[in-house]
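One-letter residues, chain by chain:
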Amino acid sequence: MRKLAWAARSVAAVSGAMLLGALAVPSAVADGPESKGAPASADSHKCQTDRDVSSAVVDYSSSGLFETVFRAATDRQGHAFLNDSRNPGVWINLGLLDGAPKCTRGTAVSVTEEDPGHLFITLLGSNGKLHQARCVTNSTTPFTPATLPTACAPGFTTLPGTPV
């Protein structure tokens, strides 16, 4: 009976110590390397996120006949994609652009009405930082995987003052 009482006290002591240690760990350490702004390593947790979509419409003419819709979306693995309605069915992986987050949680797009104008793509990384690319767009040339890196050079930059 004494052996069982000793074992029960030992288990309780170990459990209490583990709980105290878990509560005392700073959240930045508990969340893993991405919470410190470092990319996730192959050994750390995989990026998993909900799907997200955003869109913006630009009318390049006064008649409204040349509306273009830009859509940005994520998949459940945190990859972000761009679609240009002038290129139906083509979704361009935004990971092609320098500075794109490895794990995207959210997207936003906006566009100016000028021709040529600018498409702004904003991605929310899993670490809470916002990344934005400014792409030159016009009424005649749709984005493709081959043209997007040049149109959006130098790629994504982290917006100051984030995480949000």
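Residues numbered from 1 in each chain as written. Predicted model: local features only at pLDDT ≥ 70, side-chain atom pairs only at ≥ 80, totals over all residues. Heavy atoms only, no water.

Participant: Outline the sheet that holds strand β1 (residues 52-59), supporting the account with residue identities and numerical values.
Facilitator: The strands making up a sheet associate through backbone hydrogen bonding, with each pair oriented either parallel or antiparallel. Spatial ordering of the open sheet is given by β1-β2-β3-β4, a layout of four strands whose pairing is antiparallel. Unpaired on one side and paired on the other, β1 and β4 (91-93) mark the two borders of the sheet. Taking each pair of neighbouring strands and ignoring which way they run, the sheet shows an average axis angle of 20°. Taken together, the five bridges between strand β2 (residues 67-74) and strand β3 (residues 80-84) define a ladder with antiparallel strand orientation. Across the sheet, the residue bridging to Thr-74 is Ala-80, located in β3. (Pairing = 2+ DSSP bridges. Helix = DSSP H or I, 4+ residues; strand = E, 2+ residues; numbered from the N terminus. Axes fitted to C-alpha atoms, helices over the stretch in contact; angles between N-to-C directions.)

Participant: Could you give an account of the environment of Ala-151, with specific residues and numbers?
Facilitator: Among the secondary structure elements, Ala-151 is positioned in helix α3 (residues 148-151). Judged by its relative accessible area of 16%, Ala-151 is buried. Remark: the alpha-carbon pair of Ala-151 and Thr-137, spanning 14 residues in sequence, is separated by 7.2 Å. Apart from the residues lying within four places of it in its own chain, the contact partners of Ala-151 are Arg-134, Cys-135, Val-136 and Phe-143. (Buried < 20%, exposed > 50% of the residue type's maximum accessible area, 1.4 Å probe, protein only. Contact = heavy atoms within 4.5 Å.)

Participant: With reference to specific residues and values, describe the sheet that holds strand β6 (residues 117-125).
Facilitator: With antiparallel pairing, four strands are arranged side by side in an open sheet as β5-β6-β7-β8. Of all strands in the sheet, those bounded by a partner on one side alone are β5 (104-111) and β8 (157-158). Where β5 lies against β6, seven bridges are found, and the strand directions are antiparallel. Across the sheet, residue Thr-107 finds its bridge partner in β6, namely Leu-123.

Participant: Please set out the state of the cysteines residue by residue, giving values where relevant.
Facilitator: For the coordinates displayed, the defined rule picks out one disulfide. The disulfide partner of Cys-135 is Cys-152, and the S-S distance across this bridge is 1.9 Å. When the S-S torsion is 105°, as for the bridge of Cys-135 with Cys-152, the disulfide is right-handed. Note that Cys-135 is positioned in strand β7 (residues 130-137) and Cys-152 in the loop between α3 and β8, a separation of 17 residues in sequence. The class for Cys-135 is buried, based on a relative accessible area of 0%. Given a relative accessible area of 0%, Cys-152 falls into the buried group. (Disulfide = S-S within 2.5 Å.)

Participant: Got a sec to walk through the environment of Asn-83? Specific residues and values, please.
Facilitator: When you line up the elements, Asn-83 lands in strand β3. Considering only alpha carbons, one finds Asn-83 and Phe-70, 13 residues apart in sequence, at a separation of 5.7 Å. A polar contact of 2.9 Å, which involves the side chain of Asn-83, links it to the backbone oxygen of Val-90. (Polar contact = N/O pair within 3.5 Å; in protein donor to acceptor, adjacent residues only side chain to side chain.)

Participant: Describe the side chain of Thr-122, with residues and values.
Facilitator: Tracing the chain through its elements places Thr-122 in strand β6. On the basis of relative accessibility, which here comes to 14%, the residue Thr-122 falls in the buried class. A distance of 3.0 Å separates polar atoms of two side chains, one belonging to Thr-122 and the other to Gln-132. The contacts of Thr-122, once residues within four sequence positions are left out, are Gly-106, Thr-107, Ala-108, Leu-130, His-131, Gln-132 and Leu-159.

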